[in-house]
Structure formats: C-alpha cells, structure tokens
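Residue-level structural notes
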Amino acid sequence: MTSTTLAPEISGTPVHKVTSRRVLRSEWAKFWTLRSSWITLTVGVVLLIAFGAIASATYSPDAATNQGPGPSSGISDAVSLALTGVTFASLAVGVLGVLLSAGEYSTGMIRSTLAAVPRRLPVLWAKSAVIGPIALILTMIAALAAFQLGTLGLDGEKIALSLSDDGVLRSLAGAGVYLGLVAVFGVALGMLLRSSAGAIAALVGILLILPGLASLLPDSLYDNINPYFPSNAGSAVYALQQSSDSLSPGAGLAVFAGWVALTLAGAAFRLVRTDV
C-alpha cells in the first residue's frame, strides 16, 4: 500500500535533464554573481584604456627616435601606443579565468558542480564559452576607446592614424581576440593545476617570464623559437606592422590558439580521469 501511495508522487516529480545549454546558463549566472568577476574585468578594461591613453598623451618623437626609457620608446605607430596596456590587461583577464575555474577547487564548490554535471567536460566548455566572449567584447571596446583617446594626444603627429586607415580596425579587433583567448587560457590552467596560486604563477611565467629566459639560449636557437612563444605569437595578432622576426597576424592567431587548445586538452584529460 505504501508503494502504491508513493508511486504517483515519484512519477509526478519533474526530472530536468542536464544539457549543455543548462550548464552554460549555470556558469553564466555563477560568473556574474561573483564580485571578483566585476572587479577583475573592470581592472583589465581600465588598465587597457589608461595605459594606452597615457602612452599616446606622453608620446615624444625624440624619445621614440632615441629608443630611451618610457612608455613610447621604440613605438612607431598610433595603434602600438593605444595597445600599450595589453600586457597588463592580459594578466587581469588571465587571472579572472584562473579564478573562475581553480577558485571552485579552493572553495570545494567543484564537488557540487560535478555532482550536478556527472559528465564533467561540459563544465570546462561552459566556463570557456562564458568568459571568452565576455573578455573579447569588453577588451575590444576598451582597445577602441584607448585608440580614440590616443588620437587626441597624437593630433598633428606623423604617427597619427584614424580608424579608416589600413589595418587599424584589424589590430584593435585582434587585441580583443587575443585577450579573449588569454581568458580561456586562464580557465584551462586553473582546471589543469587546480590551484589558484599555482595557475596564476604559471600564467605569469608563460606570458611574461618565459620569453625573457629564452633569450639566454644561443642566438640561432632563440631566433627560431622566439616567435612561437604564447605571448609573442599573441602580440603578432594585434600588431599593425609585421616585423621581420615575428609571425603574421593569421599565423600568430593559429599558434596562440594552438597553445590554448593544448592546455584545454590537458585540463579536459585531468578533469575526466582524476578525482576532485
């Protein structure tokens, strides 16, 4: 009699299937409810705009010619000045990606997340799909704002450019694409290492320290591998002018995307094969 009474109640209980769309909505809600998301995104956007505007406002043709110290040293076009802050913004969005993934391991929330999504991989894809486009769109707008503000400081200078000049829009969009991929790279590192501190250290080391250490290698070897480091390949994506020792924008995008895909593959493998 008990089983007969309970049967209708059990059969009437709604069952919600776990789908990629629902996982994506969950990660979207989680992202925007975290205070760190707003703060880190704001820091990244402000750094990108502020450094670009300051570099343009303080530009001096004499300083650029002499290659002396300063934000405008050695910079030959208005786009490079406007994108001076990309390096700092990349750290901000990369750290945001790390916090989005490794932060759940620090708090233990990952257990609840994976209990709700037993297949696990949709969690990684959803986190990447949330933060990548957000970082891309916001930093692309910030790069455009930095360039427009920079034109005020470069009025009358030989290096001044407008949005209608060849390659300008492509470079500004490339900065957004690069930073969007850096955010996904941060997610992958966080999932792979499962430690916020470790993943942030790896992010800084790969993007900033590794190219400097490689300069200690013999010149012949360094010249061959230098363009393929993640940060160097990424900088080629938004460069207005291709230098002789760098990749083309398309090749740079392919190489950097390859690094991100490789890290995502490692994170996916560990997520599926090892316990939380």
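Model, not experiment: these values are computed from the prediction. (Residues numbered from 1 in each chain as written. Predicted model: local features only at pLDDT ≥ 70, side-chain atom pairs only at ≥ 80, totals over all residues. Heavy atoms only, no water.)

Bringing the nonpolar core into the picture now. By size, the foremost hydrophobic cluster in this structure holds 63 residues, and its most contacted members are Phe31, Leu83, Val86, Leu124, Tyr178 and Met191. If you tally residues by element for this core, the top one is helix 9 (residues 168-193), at 14 residues. Apart from the residues lying within four places of it in its own chain, the contact partners of Leu124 are Val187, Met191, Leu264, Ala267, Ala268 and Leu271. (Core = buried A, V, L, I, M, F, W, Y, C linked by side-chain atoms within 4.5 Å. Buried < 20%, exposed > 50% of the residue type's maximum accessible area, 1.4 Å probe, protein only. Helix = DSSP H or I, 4+ residues; strand = E, 2+ residues; numbered from the N terminus. Contact = heavy atoms within 4.5 Å.)

Time to look at the packing of helix 2 (residues 20-33) against helix 8 (residues 121-153). Here helix 2 crosses helix 8 at 55°, and the two axes come no closer than 9 Å. Between helix 2 and helix 8, the angle is such that the two are oblique. Both helix 2 and helix 8 take part in a crossing whose hand is right-handed. Facing helix 2, whose interface residues are Val23, Leu24, Glu27, Trp28, Lys30, Phe31 and Trp32, helix 8 presents Pro122, Val123, Ala126, Lys127, Ala129, Val130, Ile131 and Ile134. Of the residues in the contact of helix 2 with helix 8, the class split is twelve nonpolar, no polar and three charged. (Axes fitted to C-alpha atoms, helices over the stretch in contact; angles between N-to-C directions. Parallel < 35°, antiparallel > 145°, perpendicular 65-115°, else oblique. Left-handed = near helix turned anticlockwise from the far one by under 90°. Nonpolar A, V, L, I, M, F, W, Y, C, P; charged D, E, K, R; others polar.)

The subject of this paragraph is unusual backbone geometry. Backbone geometry places Arg120, a non-glycine residue, at a positive phi of 70°. Taking relative accessible area as the criterion, Arg120 reaches 18% and is therefore assigned buried. Of note, the phi angle at Arg194 is positive, near 60°, even though the residue is not glycine. Summarising the element assignment, Arg194 is placed in the loop between helix 9 and helix 10 (196-214).

Examined against the element boundaries, Ser128 turns out to sit in helix 8. Contacts of Ser128, omitting those with residues within four sequence positions, involve Pro133, Val184, Val187 and Leu264.

A word on helix 2. For helix 2, built from 14 residues, the straight-helix expectation of 20 Å at 1.5 Å per residue is met to within 8% by its first-to-last C-alpha distance of 20 Å. Considered for burial, the residues of helix 2 that qualify are Val23, Glu27, Lys30 and Phe31. The buried residues of helix 2 occupy one face: seen down the axis, they fall within an arc of 100°. Opposite the buried face of helix 2, by more than 90 degrees, sit the exposed residues Arg21, Arg25 and Thr33. Looking at the buried positions of helix 2, the neighbouring elements they touch are helix 3 (35-57), helix 6 (86-107), helix 7 (109-116) and helix 8. (Expected span 1.5 Å × (residues − 1). Arc of directions from axis to C-beta.)

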